[in-house]
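Chain by chain, the residues run as shown.
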Amino acid sequence: MSQLFDAVADLPLVIDSTERTRRDRDTSSDFVRTTTTFHLSGAGETGRGEDVTYDTEDHDALADAPSLDLTGEYTFASFSAHLADVDLFPTKPPERETARPYRRWAIESAALDLALRQNDQSLADVLDREPSSVRFVVSTRLGDPPTTDRIESILDAYPDAEFKLDPTPAWTDDVVDAVAATEAVRILDLKGLYEGTEVDTDPDPGLYRRLLSTFPEAVFEDPALTPETRPLFDGAEGQVSWDYPITGVESVEARPFEPAWLNIKPSRFGTVRSLFATIEWAAAHDVTLYGGGQFELGVGRDHIQLLASLFYPDGPNDVAPGGYNDPEVAGGLPTSPLAAPENSVGLSWE
């Protein structure tokens, strides 16, 4: 049982109509990001949630599909149960199975937002938690060939910025040393567990060894633990974090050793119940959490920032305002930490 989920389970929920809007935006990772926002309306209120499915083809298919029939009267828990039986990809299967929880999360978060609004409550209210200011890091890649130009340009504009970086075998010793010299790196995402994506990174024992020796205080996310790389982390298990495989408590318990760190990306969990249960598991096992982003373009970014403010505000949260993902980072962006949100109603930041 999840006490957090119990706090929202019985919220009455009325859905009269559904709508969708789409966004497209260039990113610093050299791809066009597409997302779809679900708008669920009823009783004079609207709740929103963002589908962060990565394949544009899935958003194209959704645009051509009829609106999902979600109308009715529910509790939030009964709506979640109902959603399990709804085909969220009615025109074709998704390009990748990871899209299924992403879309499920978009609709569940919209429904939770709506249920809270219809009952004139905020998530902070119902969970009896006080929002806190949110520390964030800037996630970026160094290009091909890799250079520190982007890091340096961000530090020129925002000298106190902290970073989450994606090392690759193309990182030379000079690049590693230049990155370390900034003293601003908090997370190194090795992306060793991704499969079938453009960011898959094969494990490189030489790179892992070099990074571990050069960044003794960094968090190392998603290493691929092979017979060659596993011994490199002997005694450094407390620096290892997991992201890609984390979809619920069962996935956490399946890690090769009990984690010290977890990257919480709500969209990977699919359901509010699974997300809350995992947060509670981490608290019971003294695991440090931080939030992760998925290049959200709209309300999804507010949602992950809000969850960070309620549950893991001091972690190296990969929830920077969206402007940090732009190909050219402009001045005048909010800096870390983000001021504590008001969360006056629903899942809103304000």
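Everything in this summary refers to the structure shown in the same document. Quantities reported herein were computed from a predicted structural model and do not represent experimental measurements.

It is worth spelling out the pattern of salt bridges at this point. For the coordinates displayed, the defined rule picks out 24 salt bridges. Here Arg 117 ties to Asp 113 by a salt bridge, and the two come within 2.9 Å at their closest N and O atoms. Taken together, the residues span about one helical turn, with Arg 117 and Asp 113 both in helix H4 (residues 99-118) at a distance of four residues. Among the charged side chains, a network of salt bridges with common partners joins Arg 141, Lys 164, Asp 166, Asp 189, Lys 191, Glu 221 and Asp 318.

Our next topic: the side chain of Ser 109. Its place among the elements puts Ser 109 in helix H4. For Ser 109, a relative accessible area of 1% translates into the label buried. Polar contacts involving the side chain of Ser 109 include one to the main-chain carbonyl oxygen of Ala 106, which spans 3.1 Å. If near-sequence neighbours (up to four positions away) are discounted, Ser 109 is found in contact with Arg 48, Gly 49, Glu 50, His 303 and Leu 347.

So, about helix H8 (residues 205-214). Taken as a whole, H8 has its buried residues at Leu 207, Tyr 208, Leu 211 and Leu 212. The buried residues of H8 occupy an angular sector of 130° when projected down its axis, which confines them to one face. In this fold, the buried residues of H8 make contact with helix H7 (173-181), strand S8 (185-189) and strand S9 (219-221). If you check the start of H8, you find a side-chain oxygen 3.0 Å away from the backbone N of Gly 206, and it comes from Asp 204.

Every second residue of strand S1 (residues 12-15) is oriented toward a common face, the buried set being Leu 13 and Ile 15 and the non-buried set Pro 12 and Val 14. Here four bridges tie S1 to strand S5 (residues 72-75), and the two strands are oriented antiparallel to one another. Bridge assignment links Leu 13 to a residue of S5, and that residue is Tyr 74.

What follows is about the sheet that holds strand S4 (residues 45-51). Spatial ordering of the open sheet is given by S2-S3-S4, a layout of three strands whose pairing is antiparallel. Looking at strand neighbours, the two that pair on one side only are strand S2 (17-26) and S4, the edges of this open sheet. Direction aside, the axes of adjacent strands within the sheet are offset by 20° on average. This element, helix H2 (residues 56-63), spans S2, strand S3 (32-42) and S4 of the sheet and lies at about 35° to S3.

What follows is about the packing of aromatic side chains. On inspection of all chains with the given rule, the structure shows ten aromatic pairs. Geometrically, the ring pair formed by Phe 276 and Phe 311 is tilted, given 6.1 Å between the ring centres and 55° between the ring planes. Linking Phe 276 in helix H11 (residues 272-284) with Phe 311 in helix H12 (residues 299-311), this pair joins segments that are 35 residues apart in sequence. One exposure class covers both Phe 276 and Phe 311, and it is buried. A connected cluster of aromatic rings, assembled from ring pairs, spans Phe 136, Tyr 158 and Tyr 324. The residue whose ring lies beneath Arg 103 is Phe 89, and the NZ or CZ to ring-centre distance is 4.0 Å. The ring of Trp 242 is capped by Arg 255, whose NZ or CZ atom sits 5.4 Å from the centre of that ring.

About the cut-offs
Residues numbered from 1 in each chain as written. Predicted model: local features only at pLDDT ≥ 70, side-chain atom pairs only at ≥ 80, totals over all residues. Heavy atoms only, no water. Salt bridge = Lys/Arg side-chain N within 4 Å of Asp/Glu carboxyl O. Helix = DSSP H or I, 4+ residues; strand = E, 2+ residues; numbered from the N terminus. Buried < 20%, exposed > 50% of the residue type's maximum accessible area, 1.4 Å probe, protein only. Polar contact = N/O pair within 3.5 Å; in protein donor to acceptor, adjacent residues only side chain to side chain. Contact = heavy atoms within 4.5 Å. Arc of directions from axis to C-beta. Pairing = 2+ DSSP bridges. Axes fitted to C-alpha atoms, helices over the stretch in contact; angles between N-to-C directions. Phe/Tyr/Trp six-rings, centres within 6.5 Å; stacked < 30°, edge-to-face > 60°. Lys NZ or Arg CZ within 6 Å of the ring centre and 35° of its normal.

Shape is all these values report; function is a separate question.
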